[in-house]
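Residue-level listing of the chains:
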Amino acid sequence: MSGAPALRAMVRWALRMFRREWRQQLLTLAMLALAVAAIVFAAPTVTNARPTATSLGTFGAADSMVTLPGNDKRLSADVAGLTAQVGPVAVVAHQELRTGSTDQVELRAQDPNGPFGGPTLALDSGSYPRGAAEVAVTIGTQTLFNLHVGDTWPVAGRSLRVVGIVENPNNLIEDFALVAPGQLPAPNRITLLFNGQRGRFTPPADAIDTLSYSPQPDFATDAIMLAIGALGLMFIGLLASAGFAVLAQRRLRAIGMLGALGATDRHIRLVMMANGAIVGGVAAIIGAVVGFVGWLGYAPVVEGLGEHRIDRLALPWWLVIAALALAVVTAIVAAWWPARAAARMPIVTALANRPSTPAPARRFAAAGFGLMVVGLVGLAFVRQLESRWLVVAGLLLTILGSLFLAPLIIAGLGRLGARTPVATRIALRDLARYRARSSAALAAISIAVAIAAGITVELTGRTTNSVVDVGPNLASNELGFYAGVLGKPSAEESDTVTALAGTLHATSVLPLARATYPAVARSAVILEQIDAGTLTATTGRLDVATPEVLRRYGIDPNSVPADADLLTAQTGLAGMTDVQLAVVGHDLTDVERPISHPVVRVMSTLPTDTREPNLLITEHAMRALGAVSAMDGWLITTPRPLTPDEINLARTAALRTDSSIDTASNVPSAAELGNWATSVGILIALGVLAMTVGLIRRETLGERRTLTAVGASAGTRRRLAALTAGSLALFGAVVGTGVAYLGLLTYYRSELNTFGHPPVVALLAIVVGLPVVATAGGWLFAGREPSAVARAALT
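Novice: Residue-level account of the pairing of strand β5 (residues 134-137), with values.
Specialist: Burial along β5 is two-sided: the residues Glu134 and Ala136 and Val135 and Val137 are all buried. Sheet analysis places β5 next to strand β7 (residues 158-167), joined by four bridges and oriented parallel. The partner of Val137 across the bridge, within β7, is Ile165. For β5 and strand β8 (residues 176-179), the ladder comprises two bridges, and the chain directions are antiparallel. Along β8, the bridge assignment pairs Ala136 with Leu178.

Laid out in structure tokens, this is it:
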């Protein structure tokens with residue numbers, strides 16, 4: 001039989017194999033479905049969390065905006081002039097409010113039904129304000145001032161009745177209070193929204209600023225997501241190939257029978273690849289349904305993270321379809337290699353059910369080294385060429401190249417066990433004998449570890465060696481109280497801090513000071529990073545190294561080197577040559593010649609990854625800049641986490657004194673993100689190990705039966721499982737960590753000081769903890785041998 005009938009027969013045989021062997025293929029199908037579900041779930045999550053929402057929340061349906069001073073006497077003429085040039089113009093008035101905290105709230109006068117403003121306003125409950133004494137507030141404003149619909153709110157010298165709850169659908173974190181148009185007598189600024197990019201226009205003569213916004217589809221981000229999804233499917237494909245290899249081994253005699261009946265190599269490959277296509281198709285459908293249902297449930301959370309409302313059907317459909325196609329292709333490719341090996345096997349060998357001889361590992365290693373070199377060269381030139389595509393290509397090629405080294409490592413393990421005890425020798429020999437499964441598992445573990453280690457090392461380097469790092473958070477038992485006027489805290493503010501510290505039973509009150517330039521109001525000293533003459537990054541704040549601050553962190557003021565300009569725990573700053581200290585005004589313009597090469601001294605007791613004082617400027621640097629120390633506020637530490645009532649009490653006290661407070665937020669620190677990445681990587685690696693050890697133990701059932709017959713104890717059999725899992729975990733952890741460091745060192749080759757403070761605990765958890773846990777798990781879960789060991793299986 002040949003031609004179309006033969007092809008139909010092979011496809012029917014593949015369908016029957018899928019139905020009969022569904023339990024053996026369930027794990028492969030589940031992993032592929034999980035990968036598709038992850039992509040379908042992540043695609044709309046990332047797409048709808050893009051920062052363009054901030055621009056949409058400002059411009060609404062317009063594409064241009066002109067900002068005018070609040071006291072503009074020619075407002076009517078300006079609006080009329082713009083209307084004559086570009087058509088309808090929306091007028092929005094703004095007045096900033098004092099809140100007593102770092103949260104910003106404004107009064108806004110805007111017509112909800114006016115042109116262009118619709119996308120920036122939505123009514124959640126109640127009604128829009130219509131009269132002169134009505135106001136609608138956002139959820140954040142309601143919480144901050146403890147307001148409810150129907151309450152009377154004394155604000156800006158007026159008493160307004162709250163009539164509704166509103167929001168900006170395109171910027172949910174924007175807090176404001178909405179009044180009717182024309183009901184804001186003393187605005188700070190006025191914005192005019194219009195469509196100005198349709199033609200040329202001349203802004204009013206008294207305009208403060210003119211901005212335009214042109215949203216563009218970000219296909220690059222979608223493509224990068226697809227590349228990341230492809231990397232995940234590559235990971236799944238490695239495991240799937242191991243599953244298909246086991247399936248081919250189980251059906252080896254049937255495949256030999258097909259060959260004896262006249263089936264060609266092409267027909268045998270078709271059987272296995274058709275089975276892979278069926279598995280991939282079923283997994284794609286299941287994964288798409290699960291991912292979409294998960295997206296519908298998670299969309300409200302994404303709205304909070306993305307800070308704007310989301311259309312549930314606003315999916316990048318081309319990316320979803322590509323993911324489904326990739327799942328099918330991954331399954332077919334994963335089935336192709338075992339199919340190729342089975343088709344090339346002699347009929348007599350297949351009928352005897354003997355495993356095929358592994359291919360020489362050196363050929364794979366040579367290809368792997370070549371791919372790694374190309375990938376690393378690409379990463380080396382990413383920062384010069386500024387190409388996101390080169391980042392993706394470099395990462396994929398580097399990781400793909402490392403995968404081709406797995407067979408060589410597994411073959412080396414087999415030779416390594418030649419002179420080891422019996423249990424170790426058998427475990428390592430079985431890894432080498434079943435190289436297809438072992439290499440795929442080692443490669444998959446290496447990918448998981450490389451991603452986890454790369455994220456952790458990158459975050460640690462950014463935390464301890466960054467110009468811009470001031471940490472994302474205060475501790476839950478800390479409260480920053482900042483004076484209303486820099487350098488001039490009033491007696492009332494000092495008394496308020498003293499009273500507040502007593503009420504909160506504070507354990508310490510640390511005065512904070514900032515460096516300022518006396519000749520320029522609202523000036524500050526900052527640390528800048530300059531690359532090729534261009535400013536690339538600046539610090540958020542520099543605290544003065546006062547004796548109180550130094551003693552707080554266990555530093556003797558007399559031990560500070562006389563030539564030091566900056567003190568920090570960020571070890572990388574000491575080796576950076578492209579930074580400078582500068583004095584800037586409130587408009588971020590330089591007002592004094594900077595210190596081009598500040599002397600940075602590392603003080604390991606200073607904190608990192610926090611908004612506590614962790615980057616200190618010394619008196620030596622301030623004298624060189626002509627700056628002076630100005631009182632900024634106080635850091636209050638309490639014996640227990642602050643409660644919402646205590647935070648509200650502090651905010652109210654700050655509001656009375658025209659000050660502001662800062663407390664802990666829910667923003668995770670870089671250390672927390674690194675710990676999560678490490679934990680996820682270890683869990684994925686352990687899952688791969690469990691599957692691989694199970695596959696190898698199933699295939700070596702006959703050998704374990706022989707060991708039992710010759711008197712091997714249960715402990716020996718447990719050691720086999722433990723050593724198999726531990727060996728794969730150890731080499732996977734070492735290879736993965738090595739690949740991660742190799743890629744990062746290549747990328748940051750001009751900033752090697754970034755890695756001066758490695759995440760020792762996280763790396764030990766990967767390189768030491770993973771093998772230990774894998775070995776212990778292999779020992780514990782090997783358990784008592786099943787009854788199948790005592791009798792031969794009928795095949």
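There is more to say, and it comes next.
Novice: So, helix α14 (residues 406-416): which residues are in play, and what are the values?
Specialist: Buried residues of α14: Ala406, Pro407, Ile410, Ala411 and Leu413, and no others. Looking straight down α14, one finds that the buried residues subtend no more than 155° of arc, so they occupy a single side. Exposed positions of α14 whose direction lies more than 90 degrees from the buried face are Arg415 and Leu416.

Novice: An account of the packing of aromatic side chains is requested, with residue identities and associated values reported.
Specialist: Inspection of the entire model under this criterion finds two aromatic pairs. Here the guanidinium or amino end of Arg108 rests over the ring plane of Phe176, the centre of that ring lying 4.1 Å away. The residue whose ring lies beneath Arg651 is Phe145, and the NZ or CZ to ring-centre distance is 5.5 Å.

Novice: Got a sec to walk through the pattern of salt bridges? Specific residues and values, please.
Specialist: Per the counting criterion, the structure on display carries eight salt bridges. For the salt bridge of Arg108 with Glu174, the shortest nitrogen-to-oxygen distance reads 2.7 Å. With a gap of 66 residues between them, Arg108 in strand β3 (residues 105-109) and Glu174 in the loop between β7 and β8 connect regions that are remote in the sequence. The residue Arg552 makes a salt bridge to Glu612 at a minimum N-O spacing of 4.0 Å. Here the residue Arg552 occupies a position in helix α18 (residues 547-552), and Glu612 occupies one in the loop between β18 (600-602) and β19 (615-617), the gap between them amounting to 60 residues. Judged by its relative accessible area of 13%, Glu612 falls in the buried class. Three or more residues are tied together by salt bridges with common partners; here these are Glu106, Arg108, Glu174 and Arg189.

Novice: So what's going on with the nonpolar core? Residues and values would help.
Specialist: Ranked by size, the top nonpolar core spans 30 residues in total, and within it Ile445, Leu689, Leu728, Ile766 and Leu770 carry the most contacts. Breaking this core down by element, the ones donating at least two residues are α13 (388-403), α14, α15 (422-433), α16 (435-464), α21 (670-699), α23 (714-747) and α24 (760-782). For this core, the element with the most residues is α16, which contributes eight residues. Filtering out sequence-adjacent residues up to four positions away, Ile445 remains in contact with Ala685, Val688, Leu689, Leu728, Gly732 and Ala733. Counting 27 residues, the second largest nonpolar core, distinct from the first, contains Val105, Ala109, Val179 and Leu184.

Quick notes on the rules
- Residues numbered from 1 in each chain as written.
- Predicted model: local features only at pLDDT ≥ 70, side-chain atom pairs only at ≥ 80, totals over all residues.
- Heavy atoms only, no water.
- Buried < 20%, exposed > 50% of the residue type's maximum accessible area, 1.4 Å probe, protein only.
- Helix = DSSP H or I, 4+ residues; strand = E, 2+ residues; numbered from the N terminus.
- Pairing = 2+ DSSP bridges.
- Arc of directions from axis to C-beta.
- Phe/Tyr/Trp six-rings, centres within 6.5 Å; stacked < 30°, edge-to-face > 60°.
- Lys NZ or Arg CZ within 6 Å of the ring centre and 35° of its normal.
- Salt bridge = Lys/Arg side-chain N within 4 Å of Asp/Glu carboxyl O.
- Core = buried A, V, L, I, M, F, W, Y, C linked by side-chain atoms within 4.5 Å.
- Contact = heavy atoms within 4.5 Å.

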